[in-house]
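# Structural overview for review
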Amino acid sequence: MTTGQPAADSSGTRRTTVPSGLTPVEHPAIIIRERGAFCVAEFEERGWACPSCSNRGGSVVRDEQGYEVFAPCGCTQTRRRMELFNQARIGVRYINATLESYEPKTADQVSAQRQALDFTKMYPGVNGGLVFWGAVGTGKTHLAVGIFRELTLRKGVGCRFVDYGNLLQDLKRSFGSRDGDSPVMLPLVHVELLVIDELGKGRNTEWEETVLDDLISRRYNAGRTTLCTTNYDASKSGHDGGQSSLNPAYQARGGFSAASGSIPHLEDRVGVRIFSRLCEMCEFVHVSGADFRKTGQGISRIR
Ligand SMILES: [Zn+2]
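In this text, all values refer to a predicted model and were calculated from it rather than measured experimentally. (Residues numbered from 1 in each chain as written. Predicted model: local features only at pLDDT ≥ 70, side-chain atom pairs only at ≥ 80, totals over all residues.)

## Let's talk about the sheet that holds strand β6 (residues 159–163)
The strand order across the open sheet formed by 5 strands is β6-β7-β8-β5-β9, and the pairing between neighbours is parallel. Across the chains shown, the open sheet's two edge strands, defined by having one partner strand only, are β6 and β9 (282–286). Within this sheet the neighbouring strands show an average axis-to-axis angle of 15°, counted without direction. Two strands pair when backbone bridges link them, and strand β5 (residues 129–133) and strand β8 (residues 225–230) are joined in this way by 3 bridges, in the parallel orientation. Looking at the pairing, Val 131 lines up with Cys 228 of β8. (Pairing = 2+ DSSP bridges. Helix = DSSP H or I, 4+ residues; strand = E, 2+ residues; numbered from the N terminus. Axes fitted to C-alpha atoms, helices over the stretch in contact; angles between N-to-C directions.)

## Side note on the nonpolar core
Judged by nonpolar contacts, the single largest core of 57 residues is most densely connected at Val 131, Phe 132, Phe 148, Val 195 and Leu 278. Mapping this core onto the domain boundaries places at least three of its residues in each of domain 1 (1–95) and domain 2 (97–295). Not counting residues up to four positions away in its chain, the partners in contact with Phe 148 are Ala 88, Cys 159, Phe 161 and Val 195. (Core = buried A, V, L, I, M, F, W, Y, C linked by C-beta atoms within 7 Å. Buried ≥ 20, exposed ≤ 12 C-beta atoms within 10 Å, placed from the backbone. Domains from an automatic or database assignment. Contact = placed C-beta atoms within 7 Å.)

## A closer look at the packing of helix α6 (residues 206–221) against helix α9 (residues 272–281)
To describe two helices that pack against each other, one gives the angle between their axes and the distance between the axes. Put simply, α6 and α9 touch, their axes get as near as 10 Å, and they point 25° apart. Compared by their axis directions, α6 and α9 come out roughly parallel. The two elements α6 and α9 cross, and the hand of that crossing is left-handed. Taking contact as the criterion, the partners of Leu 212, Asp 213, Ile 216, Ser 217 and Tyr 220 in α6 are, on α9, Arg 273, Ile 274, Arg 277, Leu 278 and Met 281. (Parallel < 35°, antiparallel > 145°, perpendicular 65-115°, else oblique. Left-handed = near helix turned anticlockwise from the far one by under 90°.)

## Things to note about the confidence of the model for the chain
When pLDDT is averaged along the chain, the result is 82; 78% of the residues meet or exceed 70. Long-range and interchain partners of residues 1–13, a stretch whose pLDDT sits below 50, account for 29 contacts in this model, where long-range means more than four residues apart. Scored below 50 in pLDDT, residues 240–260 shows 36 contacts in the model against residues more than four places distant or in partner chains. (pLDDT = per-residue confidence, 0-100.)

## A few points about helix α4 (residues 164–174)
Within the span of α4, buried status applies to Tyr 164, Leu 167, Leu 168 and Leu 171. The buried residues of α4 all sit within an arc of 95° when viewed along its axis, so they share a single face. Opposite the packed face of α4, turned more than 90 degrees from it, sit the exposed residues Asn 166 and Arg 173. The inward-facing, buried residues of α4 abut β6, α5 (185–190), β7 (193–197) and α6. (Arc of directions from axis to C-beta.)

## Some remarks on the pairing of strand β3 (residues 58–62)
Taking burial as the measure, the 5 residues of β3 include 0 buried ones, a minor fraction of the element. Examined bridge by bridge, β3 and strand β4 (residues 68–72) share 5 bridges and lie antiparallel to one another. Residue Ser 59 lies in a different strand from β4, and its bridge partner there is Ala 71. Taking the residues between adjacent antiparallel strands as the criterion, β3 and β4 are bridged by 5 residues, where Gly 66 takes a positive phi near 90°.

Next up, the structure:
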C-alpha cells in the first residue's frame, strides 16, 4: 500500500512539541503514505510501540502528595496530529503536496506561495483566512493541502479540510429539518481552522446556500479562521462585494483574463451574503496561470 517513495518527514523533528503536562517522547518520523484513494500520516516505523507508555496513552504515576494520577504521554499529541490529518481524507494526488513542492509558474503563483508560507508561519497570528481563487489546475488545492499539512502535523492546529461537495452532502444527510445544530454542523462551526476546497462547485440550491450561510456566519461571529479554494471568479470587478479592507492586493488585480472571462463569479455561485462575509473574513489570493495538469513540465518556472 505504500507508494515506494513516501513524502519527506512532515513533523520536521522526531521530538514532539508537547504542552506542559505531557512527557516529550522520541518517536519515528511521520510520513505520508498512500492508502486506497487517500493519503494517511503514519509513523515511519510501522507498528511502533511507544517506549514510554506502550501505546496506552500514558501511565499512572504518583504526584507530589503521593496520589496515583494518570499522566498522559507525549505520543498522544503526535497521534492526535496524525488523526487530524487523516480525517481530511486527502486524495492521493496530493501525497507530495507541500508548500515547498509547489512550483509557481506565474508571478501570481509566486505571490500565492509566499502568502501561503507566511500564513502558515504566522498562524495563529493572522488577520483572517485566505481564499485562493483562479482557473482550474493552477495549484490552489495544492497550496491549501500544504497549509493544512503544516498546521496539523507540525503545529497541531485543530483543523478540518473538507471538499465543498462532500460538505453539502454530509450536511444534507444529517439534517432532518432546518435545525442548524446537526452533529455534522457543530464541529464545522467550532473547529479552529476550516479549509473548504472547491467552494461553489456544483448546483447550489437555496437550501444549500442557507446552510452554508449559517456555517460561514457562525464561524465569522465566533472569530474562527476559514480558508477556501474556488475555481470561480472572485475578483471585485463588476461586483460590489462589500468591504474588503483585508485584501488590497486582491483589489489591485483585474480578475480573470479575457480568455477566461466566461467563468461565473463566486458571488453568483454562493450568494451575496456569503461572498460579502468572505470578503470580511479572508484575504483573496488570485492564483492565475496555465493549467498545471494540462501543461505538465512544458512551462518553465518564473524564477
Ligand atoms: Zn506514549
